[in-house]
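The lines below spell out each chain.
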Amino acid sequence: MDQNSILDRVKKEFPDLVLETHSRLGQDTVIISKSGIVEIARFLKEDEKLKFNMLADLTAVDYWKEKPRFEVVYHFLSMENKLRLRVKARVEESDCEIPTLSGLWPGANWYEREVFDMFGIRFTGHPDLKRILMYPDFEGHPLRKDYPKTRHQPLVEYRELNLHGNENTTTSRKKEND
Amino acid sequence: MTDRLDQDNTFFEQTGKREMFVNFGPSHPSMHGVIRIKLIADGEFVKKTEIDIGYLHRGFEKECESCPYPNGFPYTDRLNYVSPLINNFGFAKAVEDLMGLTVPERGEYIRVIMSELSRITDHLTCVGACTMELGAFTAFLYMMKAREWLYEVIESVTGAHLTVSYARIGGVKADLPEGFSEHCLKSLSDVSGVLDEIDVLMTRNRIFYDRTRDVGVMTREEAIAYGVTGPFLRSTGIDYDVRKAFPYHVYDRFDFEIPVGWRGDNYDRYLVRMEEMRQSIRIIRQALDTIPPGPTSVDSEGNVINAAAMADLGKTGRTKNLINLEARVEPTLEGSEKRIHAQVRDACRKAGLPPKDQTYTNIESLMNHFKIVMDGHGVRPPKGETYSFVEGGNGELGFYVVSDGTDHPWRVRCRPPCFPIMSGLHNILEKGQIADIVATFGTVNMIAGELDR
Amino acid sequence: MEMTSYSSPKGGFVATSANQFLGWGRKYSLFLYPFITACCGMEYMSAACSHYDIDRFGAGLPRFSARQADLLLVAGTITEKMAPVLKQVHEQMCLPKWVMAFGVCTCTGGFYDNYAVVPGIDRIVPVDIYVPGCPPRPETVLDGLIKLQEKIQNSEHSLT
């Protein structure tokens, strides 16, 4: 299956959803509008000639100061035909939602939870969208560019450190735990 | 039963009247790292599970955004910390793809050898820990002994046995030391002997067989639906291996096989990993036979320097004879790198540091060095994005790097191979008993550093 | 490097001898709780296995229950999400207990200076000995263990 014809086929099937295609660095990329992701993914999965049966990766990028701000990136893999395709969809900050792919690939479940946790993009139709890497008390979305890297939100209050004496130790002296 | 680590009570509330809620807590004896498995069990049978991850989320992606490209290598070491070299090379490959660099041939051969050594240590740790949890402590000790031999080989090349940071953009840090071939082949034959011993101990062992055969079964369709790759996928019968499907480095020149299971259970995964270790040994032997030749180190007069003399004895613990040693200037300052430099590092001046003797004697090389290392300058790939993948110990390890033309990456995303496996694990665990969780979890080879990044 | 001596036990010959005896007993029979999170776990495994055997120092028996352990060996990065768990495990241990911070991530947070990592476990639990290194070589671990044993020998012990 020729690499170029994948992009042509996708463009032909969905002329109104595909915004742009390119093959920079030899990697096929399709940029679509976010509402059509489920249709296009289903087409890629079920089409006889393409057979993109595995969702290799699902992630997002924060293009701060550009509008629309976020871009959700999907990587598809066809193990039989040894093909790869990248699909990207832009998401606005004000309307931070995109349909979920967990109906087609159950593996997308955790990837989408991670994108929600790190960026705050909601996936409509997701069975259980909650934080996965951070704890529920955490406020904010860490991988956004406006979240400062060193802002801690500790769950356990930090102790006072006395670095000169020996009070840092617990020995067999009866002393209550700090 | 809410605690501050739970989002809500919904999982606990599903516990029925005669059932029990068990927490396989974050700190537990199977030495795989930190993960929390919440179970609802009816006696010994597991009814529902939920897996909670993120206890080792160290902000790898955020850290990479705030440091220049070459500074990302120590962070990649700590992703899959049992096979750090594979992660290093994966990240280096991604940046090289962005910049359009080609690594010279000898550098590629070195990368293949080191990757396969790392893969063997990964599988040794996995199989060793798995068998230890099922009670076979002897097998674990034998595998740790074998792993130490390989660590010594890796240490003679890179200087460290775990967190190596050996890759550089455009090649590797330094050439192989003298005598590496003999040392490596001897260690490999010792490791091969240990694998044979483990085979005798475990493969037809009644207890091991009963505990792992038909336990933890994942079907092919499930595996593809969840995006699973690596030994887990191969044990279900699909022979997808990145090294054969999308060959990178110089893997297409070697003759090796991909072991494939058929039932997708724990026993098959154990067999697939054991066989993969033997295939890795085979690849390394072929690579050592056909590696393009070249001197390992020469000084400025052309005399060969014993590479072992350049190793830091203090760091490797061999301190006995160091007391009376005179201080010596590092040989690389005298130009020893010059002849071997071109063989292992890409000659492109945008990413690789120039040889030291040039840097110290020549203004253009000094400026080149300055431009790569100093803040505000640095390695600057052109604007763009790339997704590059290598075969990690657990499957396809991908790096998606977005560059905005400055010296800091805009986004680095690591696609961890064990993430999809863990997302599909709850299906497998719900079919068995509590004791099977230990066996299954052992064969998954979850590395928390990679899963949580 | 000399070890600071802790509160020297008061009392006559019998009391100090008893103290020495208890110190000797406690230092050579340390039951570890290996609280392993990350890469330092691999170095702990190397230190505990045949090449660098930690068992010859008496600390070879890992007890995976906090109630049965005296030495909490925290190996690997502690993240903010893991911190309450560490605190709870430490509180579950009975006296006498000691804490070893294994690896630079537990000493100071390592090179992870971000929202997710606790900058050193001494912000959460009191630490007795810091073993730096990323990861520390097994010889460093054994050196740290020996220093901890000296500290245990020189500190005050009581039976109650």
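Quick caveat: nothing in here was measured; it's all calculated off a predicted structure. (Residues numbered from 1 in each chain as written. Chains lettered and ligands numbered in written order. Predicted model: local features only at pLDDT ≥ 70, side-chain atom pairs only at ≥ 80, totals over all residues. Heavy atoms only, no water.)

A.B. asks: Hey, could you run me through the pairing of strand β6 (residues 384–391) of chain B in this one?
C.D. replies: Put simply, side chains in a regular strand alternate between the two faces of the sheet. Within β6 of chain B, seven of the eight residues are buried, leaving the element largely enclosed by the surrounding structure. The loop that links β6 of chain B with its antiparallel partner strand β7 (residues 396–403) of chain B comprises four residues; one of these, G395 of chain B, has a positive phi angle of about 145 degrees. (Buried < 20%, exposed > 50% of the residue type's maximum accessible area, 1.4 Å probe, protein only. Helix = DSSP H or I, 4+ residues; strand = E, 2+ residues; numbered from the N terminus. Pairing = 2+ DSSP bridges.)

A.B. asks: Whenever I open this one, the interface of chain B and chain A confuses me. Can you help?
C.D. replies: For interface size, the figure often reported is the accessible area lost on association. Listed as interface residues are 44 residues of chain B and, on the opposing side, 48 residues of chain A. Between chain B and chain A, the buried area comes to about 4,100 Å², and carbon and sulfur atoms account for 58% of it. For the interface between chain B and chain A, the tally reads nine salt bridges. A salt bridge links R86 of chain A to E385 of chain B, with the shortest nitrogen-to-oxygen separation between them at 3.2 Å. On inspection of chain B and its partner chain A, the count reaches 21 residue pairs in polar contact (both at pLDDT 80 or more). (Contact = heavy atoms within 4.5 Å. Buried area = accessible area lost by both parts, 1.4 Å probe. Salt bridge = Lys/Arg side-chain N within 4 Å of Asp/Glu carboxyl O. Polar contact = N/O pair within 3.5 Å; in protein donor to acceptor, adjacent residues only side chain to side chain.)

A.B. asks: Is there a simple way to explain the interface of chain B and chain C in this structure?
C.D. replies: Contacts between chain B and chain C engage 40 residues on the former and 33 residues on the latter. Summed over both partners, the interface of chain B with chain C comes to about 3,300 Å²; 64% of that surface belongs to carbon and sulfur atoms. Inspection of the chain B/chain C interface yields one salt bridge. The salt bridge partner of E155 of chain B is R137 of chain C, with a shortest N-O separation of 2.4 Å. Secondary-structure elements contributing two or more residues to the side of chain B that touches chain C are α2 (60–65), α3 (73–77) and α6 (137–158) of chain B. Of all the elements, α6 of chain B adds the most residues to the side of chain B that touches chain C, at 10 residues. Classifying every residue of the side of chain B that touches chain C by side-chain character gives 19 nonpolar, 10 polar and 11 charged. (Nonpolar A, V, L, I, M, F, W, Y, C, P; charged D, E, K, R; others polar.)

A.B. asks: Can you walk me through unusual backbone geometry in this structure?
C.D. replies: In terms of backbone geometry, most residues other than glycine have negative phi values and most peptide bonds are trans. A cis amide bond links K67 of chain A with the next residue in sequence, P68 of chain A, at an omega value of 0 degrees. Tracing the backbone shows P68 of chain A in the loop between β3 (54–62) and β4 (70–78). Note that the residue after C134 of chain C, namely P135 of chain C, is joined by a cis bond; omega there is -10 degrees. Turning to its location among the elements, P135 of chain C is positioned in the loop between β5 (129–131) and α5 (138–154). Look at K51 of chain A: it is not a glycine, yet its phi comes out positive at around 55 degrees. Its location among the elements puts K51 of chain A in the loop between α2 (37–46) and β3. You can call K51 of chain A partly exposed: its relative accessible area is 29%.

A.B. asks: When you look at the confidence of the model for chain B in this model, what are you seeing that I'm missing?
C.D. replies: The predicted coordinates ought not to be read in detail in places where the model reports low pLDDT. All names here are of chain B. Confidence along chain B averages 82 in pLDDT terms, with 84% of residues attaining 70 or more. The low-confidence segment residues 332–336 (pLDDT under 50) makes 14 contacts with residues lying over four places distant or belonging to another chain. Of the two predicted TM-score estimates for the complex, the pTM is 0.86 and the ipTM is 0.87. (pLDDT = per-residue confidence, 0-100.)

A.B. asks: Help me out: how do you make sense of the packing of helix α16 (residues 418–429) of chain B against helix α17 (residues 434–444) of chain B in this one?
C.D. replies: Between two packed helices, the angle of one axis relative to the other and the distance separating the axes together describe the packing. All names here are of chain B. At a closest axis distance of 11 Å, the pairing of α16 and α17 adopts a crossing angle of 155 degrees. Here α17 runs roughly antiparallel to α16, going by the angle between their axes. Crossing of α16 over α17 shows right-handed handedness. Side by side, α16 and α17 meet where I421, M422, L425, I428 and L429 of the first sit next to I437, T440, F441 and V444 of the second. In terms of residue class, the contact of α16 with α17 is built from eight nonpolar, one polar and no charged. (Axes fitted to C-alpha atoms, helices over the stretch in contact; angles between N-to-C directions. Parallel < 35°, antiparallel > 145°, perpendicular 65-115°, else oblique. Left-handed = near helix turned anticlockwise from the far one by under 90°.)

A.B. asks: Looking at this structure, I do not really get the state of the cysteines. What am I missing?
C.D. replies: Between two cysteines, a covalent bond joining their sulfur atoms is known as a disulfide. In this structure the tally under the stated criterion is zero disulfides over all chains. Here C418 of chain B stays unpaired: no disulfide links it, and the sulfur of C414 of chain B, its closest cysteine neighbor, is 8.9 Å away. Looking at C134 of chain C, it has no disulfide partner, and the nearest cysteine sulfur is the one in C105 of chain C, 5.4 Å off. (Disulfide = S-S within 2.5 Å.)

A.B. asks: Quick question: what am I supposed to make of the packing of aromatic side chains here?
C.D. replies: Tallied over the full model, the rule gives 28 aromatic pairs over all chains. Ring geometry for Y147 of chain A against Y115 of chain C: centres 5.9 Å apart, planes inclined by 85 degrees, an arrangement best described as edge-to-face. You can see Y147 of chain A sitting in the segment after β7 (122–124) and its partner Y115 of chain C sitting in the loop between α4 (104–107) and β5, one on each of two chains. Under the relative-accessibility criterion, Y147 of chain A is labelled buried at 5%. According to the relative accessible area criterion, Y115 of chain C is buried, its value standing at 1%. Pairing F208 of chain B with Y270 of chain B gives two aromatic rings, centres 4.9 Å apart and planes at 75 degrees, and the pair type is edge-to-face. Of the two residues, F208 of chain B is situated in helix α8 (residues 206–212) and Y270 of chain B in helix α12 (residues 266–290); the sequence distance between them amounts to 62 residues. (Phe/Tyr/Trp six-rings, centres within 6.5 Å; stacked < 30°, edge-to-face > 60°.)

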